[in-house]
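Fold and contact review
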Amino acid sequence: MTATQERPSAEIGQSRRRKEDQRLITGRTRWTDNIQLPGMLHIAMVRSPFAHATITNIDTSEALAATNVVTVLTGADLAAEQGTLPTAWNITTDQKAAAHLPVAVERVAFAGEIVAIVVARSAAEARDAAELVDVDYEELPAVLDLKKAATDEVLAHPDLGTNKSAFWQFDSAGAGTGTSVDDAIAEARANGILIEREYRQQRLIPAFMEPRSFVCDPTGEQLTLWSSTQIPHITRFFLAVVLGIPENKIRVIAPDVGGGFGGKLQFVAEEIIAVLVARRTGKPCKFTETRSESLMTAHHGRDQWQTLTLAATKDGTVTGLKVDLLCDLGAYAGTVGGGVPILGAFMFNAIYKFPAYQFNCTNLFTNKTLTDAYRGAGRPEATFAIERLMDELAVEVGVDPLEIREKNWITHEEFPFTSVCGLVYDSGNYEAATAKAKEMFGYDELRAEQRRRRESGDPVQLGIGISTFTEMCGLAPSRVLGSLNYGAGGWEHAAIRMLPTGKVEVITGISPHGQGHETALSQIVADRLGVAFEDVEVLHGDTQISHKGMDTYGSRSLVVGGEAVVRAADKVIERAKPIAAHLLEASVDDIEFSGGRFGVRGTDKGLAIGEIALASFAAHNLPDGVEPGLDADATFDPDSFSFPHGTHLCAVEIDTETGGVTMRKYVCVDDIGNIVNPMIVAGQVHGGLVQGIAQALFEEAVHDDAGTLVSGSFVDYLVPTAADTISFDIEHTTSPSTNTMLGTKGVGEAGTIASTPAVVNAVVDAIRHFGVNDVRMPCTPERIWRAIHSRDGGDGTPGAAMPHFSEEEPGRDSVEGADQ
Amino acid sequence: MIPAQFDYLAPTSVEEALAALAEHGDEAKILAGGQSLLPVLRMRLNAPEFVIDLGRIDALRGVRDDGDAIVIGAMTQHSVVGSDPLVAEHAALISKAVEHLADAQIRHRGTFGGALAHADPAGDLGAPALALGAEFVIAGTGGTRTVPADDFFVDLFETAIGEDEILTEVRIPKHTGWGAHYEKFVRVAHQWPIVAVAATVRVDGGTIAEARIGLTNMGSTPLRARAVEEALAGQPATEDAVRSAAAKAADGANPPSDLNGDADYRRHLATVLTRRAVLAAAGG
Amino acid sequence: MDLTHRFTVPTSVEETWAHFQDIASVAECFPGATVTAVEGDTFQGSCKVKLGPIALVYTGSGTFLEKDEQEHRFVVEAKGKDKRGNGTAGATVTLTMADAAAGGGATDVQVVTDLAITGKPAQFGRGVMQDVSDKLLGQFVSCLETRLAGGAPEPSGESGPTSAPGEQSDAAAPAVDAPPVSVGPAPAAQREAPAAPHTERDDSLDLGATVLPILARTYWKQGVAVLGVLALVIWWLASRD
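Position numbers for residues start from 1 in each chain and track the written sequence from start to end. Here every chain gets a letter starting at A, and every ligand a number starting at 1, in the order they are written. Thresholds applied to this predicted model are a pLDDT of at least 70 for local features of residues and 80 or more for the giving and counting of side-chain atom pairs; totals over whole chains, interfaces and linings are not thresholded and use all residues.

1. Examining the overall build of chain A
Of the regular secondary structure elements, chain A holds 21 helices and 28 strands. For a compact globule the rule gives 2.2 Å times the number of residues to the power 0.38, and the radius of gyration it is set against comes from C-alpha atoms. Taking 820 residues into account, the globule formula puts the C-alpha radius of gyration at 28 Å, and chain A, at 28 Å, falls close to it. In terms of principal-axis extent, the alpha carbons of chain A reach across some 90 × 75 × 50 Å. In DSSP terms, a helix is any run of H or I states spanning at least four residues, a strand is any run of E spanning at least two, and both are numbered starting from the N terminus.

2. A few points about the sheet that holds strand β13 (residues 301-312) of chain A
Residue and element names in this part refer to chain A. Reading across the sheet, the five strands line up as β7-β15-β14-β13-β8 and stay open at both edges, with mixed pairing between neighbours. The two strands at the open ends of the sheet, each matched to only one other strand, are β7 (164-171) and β8 (193-204). Ignoring strand direction, the axes of neighbouring strands in this sheet form an average angle of 10°. Pairing between strands is defined by DSSP: at least two bridges between them are needed. Bridge count for β8 against β13 is 11 bridges, and the pairing is antiparallel. From the neighbouring strand, Ile193 faces β13, where its bridge partner is Ala312. Contacts here follow a simple rule: the backbone-placed C-beta atoms of the two residues must lie within 7 Å. Here an axis means a line fitted to C-alpha atoms, over the contact stretch when the element is a helix, while the angle between two N-to-C directions is reported on a 0 to 180 degree scale. Taken strand by strand, helix α7 (residues 181-191) contacts β8, β13, β14 (318-330) and β15 (357-365), and its axis lies near 120° from that of β14.

3. Thoughts on the pairing of strand β11 (residues 179-185) of chain B
Residues and elements named next belong to chain B. As a rule, residues whose C-beta atom has 12 or fewer other C-beta atoms within 10 Å are exposed, those with 20 or more are buried, and those in between are partly exposed; C-beta atoms are placed from the backbone. Burial within β11 is extensive, with seven of its seven residues counted as buried. The alternating pattern of β11 places Gly179, His181, Glu183 and Phe185 and Ala180, Tyr182 and Lys184 on opposite faces, both of which are buried. Bridge analysis of β11 against strand β12 (residues 195-204) gives seven bridges, and the strand direction is antiparallel. Counterpart to His181 in the pairing with β12 is Ala199.

4. Digging into the sheet that holds strand β7 (residues 143-148) of chain B
Through backbone hydrogen bonds, the strands of a sheet pair up, either in parallel or in antiparallel fashion. Residues and elements named next belong to chain B. Read across the open sheet, the five strands follow the order β4-β5-β10-β6-β7; overall the sheet is antiparallel. Across the chains shown, the open sheet's two edge strands, defined by having one partner strand only, are β4 (63-66) and β7. For this sheet, the mean angle separating the axes of adjacent strands, direction not counted, is 25°. Pairing between strand β6 (residues 135-140) and β7: six bridges, direction antiparallel. Looking at β7, one finds that Gly140 is bridged to Gly143.

And the structure:
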């Protein structure tokens, strides 16, 4: 017997087409809403049109009498059993929060909150009857503006007595990781440069492609919930905790899920409702939200005011950074909720050697849809702030913005580098990524063209934007999460089943929703076990199959989940070795594993791993004391985050007559460590870039003064399409992570984190000579046009570019939305 | 997104459609492609008892030459209009506008007459139709009548079509040899224009002999920029001359304000886009 | 959303004030409105709003929050719910009368309307509802103006109110090149339409009314024209239809 499987080359590094695409793209797969069960009932929600109101009466009689309506339930009906929606991350032990009921009982705190549930035999009948539920409200004053929320004049939850949920601080002097930021600011105020800015992170909507859908079947021994979620394992845990259902009686399945971007990383009211209704009726129940419901009530992201002070010496060496955030939680603290800005707490210092740093974060409630993690979650906000500030510092010093970065960044010789936050950056090479990006971009030529256009007064001006970002991803070391008061760990689990025929099943605790995990993990396992790519099946998203896991978010799947798979694979090999040695009549010490074959050192004898699997299955001839089977599992808990980085360069043309923006060129060189599948990486980078560009130019969730989301359809919430983007130039440098065997760093969020400031820097750079130093996001043509013409009486870009830390300063008013 | 229940009627002749309309009147909505109606029904912002689909009336489809005019059947899809050689030759402005109308999927479902009857002031066809002096042929139980474009657009989503009438075709006087351009300003490709300008000009030896200009989304109806048209007549087709005339583009307009820009910004845009549209049209 | 309209009527303040003895006379001015019951300072009714493809029926009630004869000021609050559960509309209308600055025994009237529309109509794209609200309010104010100026027994008619010199309604700003009024058949049939006596448009604002043909169901067309939304004054319908 000899090893027979010949594999052409290593799988890792190959641009494999995604094995999941055929079923996803053709629609052959079954999404949650496609699931049809015998006798299934359908749920429609009745939602509050008011941002803040007392429910004075609910008349369900007409709805109950409607055709094929099974039941109509209100919050009062469910009060005893519905529990409250949990928060996994109380950022402080005294964090305040109002109880978030799946169905409101007495009071609603945002427009879109569920007040009644209609259950009928068809979705159409449920929808029809929902119109017949007559709810009376008594409106309460609503707090909709973040800065006004901070004054506590109007309360989102009167019983709390304040809108403030929590205040959280990191201070480098206090933590012993750096010096005093106030000293640095005082010194800079006297003898150096201070850059003081206020930036707005507008509210965004994840806008995943598949609206959320939940099906609950209570008829089996285990109650089964199909959920379009990123987090089936966490959902199972929460169902047990919140509803008191024994965890062993719950099965959660995330079938193929159509996108998430963080928007499906929550345990939500609709999920609980599907379960409660199924339990009450004893029948399978389905709820699928409409796009309108999704935009209005699935959580939103970002929504911060950032007050920033950067201190530097006159030559542009940074000496301190102070960050004050006001963060809008919306009406309730979400699953991650208040922790989102904390994920950015250690990233404002970015790749720069700040000796002093202070981060202050105030989380506030408003009567709006709650906010939670959205692609990047905390880190895009941080990256935006620091990269915008570095451009402003360059202007102040009078040097090229790349030069100011180079002056302050960590050089590649300095890795591993302990940041002012105490985090250890394992590897990186900012110089190399930047040099490569500059060359690809034609940086010097574009700068020359920019000069020419300025000098000739060209109505079309050119701007160049830079973002030399880093992020922390691979969530996360459990101990670090614990120290941040997060409610769970950050490990990941994997198992490998060697089937008798030599095929392989990989079970992972990550939960893909479009990323291509099945392909990437198959490539990893193919290489590790020396089997064919096609012979590997990746199973996930069903708690009966993948019994434990921490799911997918925070660019963790490959970095943490992939590493767990590697470790499980290595255990399989270790389990196989004694069997191979026994069958080959050799000492275990002489067994070498390579290319899928167990050989005996110094001989040409060997057995393929599939042969060992079969032998192990038959178990006719195993060494004494060796259990049949090669299956193994592993749980990996990282010691550290990973720190991908990159240099993004963006050139935009601004039509000064209209304010219109045309992207001219976008180059990014990302160092994400080792790359498993370049095509998947390119997809993640492209999609990430577009999402970040969309924040810079297009998207904003806008509420009117009654608290209604007026950008509540894709008519007004402008998600760009391929027609609105250009072809990006993507390259990589590679500094493998030293924390894992795979050496990967995570790429799911990189594009989104990096691109937003690159674009806004480019926009501001194009029109800076008009006296502009900020344009609020999204940089609409109107805002840009007004910024250009603000010096002749226009109102410029209100809310930006003024000194702060002084409440009397003008321009602190925040007036959101259409009138800006 | 499930609409309320309705009865679906699919007449195969205009007479049948009119009879259905007469019978069901206010309880009926006409489906003429459905690219605006269906979203509204799915959002349940309307719940008619009857939907009368004109899609099976073959007589309402197609483009024909009718002497001094071309005639476009109301149920002709945008994609057909956009690729029709007669339209391109005699009403180039329509071709140019259709090119940028919504997206390819909508252009294959939506219809020329449906869009005009919908009378969304941000729709891309109203301004070109107005500029070209289109005539709207409207059928009722008592016969047909023809309404000039100037009288057709009444207000926001409101036209001269009566409740029991149907727009059957649109006659567009031939503007053979006229230059045309539709300058549309959007933030993302698939959105309604923030402002758009439809310009068609007859250039004679470097001079603008005649110009006809329509404005999209500058008021509750499509508008003619008559002040610009008058100022352009007899002017050389030069940047300076056109710039000066285009400055009047927003005279008297009362554009809307929304998330994409306020009324003042739209007024400004109208002048810039008018200049560009006229110059492009004059340049062939 | 606060919208302010001002106009001047030739009658004295006292006379003008006298026109509003009952709340229904205010409510009736709102386009598409039907008052079904009046009890003291409170009314109930419904308001049918049609806007192109949209058709909504709000039912609700209104009441005088304040009626200050000394100051010649009243405040009406109206609230309604969409029949299909699509949202709500509410308005607080504050009407103040004062001797005209220009003198001559005339009265300056200011109408401040705080309008709030919630739910799906407010989410209809591009802020169109705002334009519609402006338009409806313009019609509402014009109707008030007509009643105050002429004391017309009917709140509106196809001849419509005339614009007084002091008219400053934003909603009434003429569009550029408004098409000339083409005189079609007189819409006499509208008179006979009992269901919507208050929904006819103000010709001075909306030239479309006169081009409408005679149609058996013209009154519905008028409802369409008026469209709109929201409510200004919205009426509780005792029995929902």
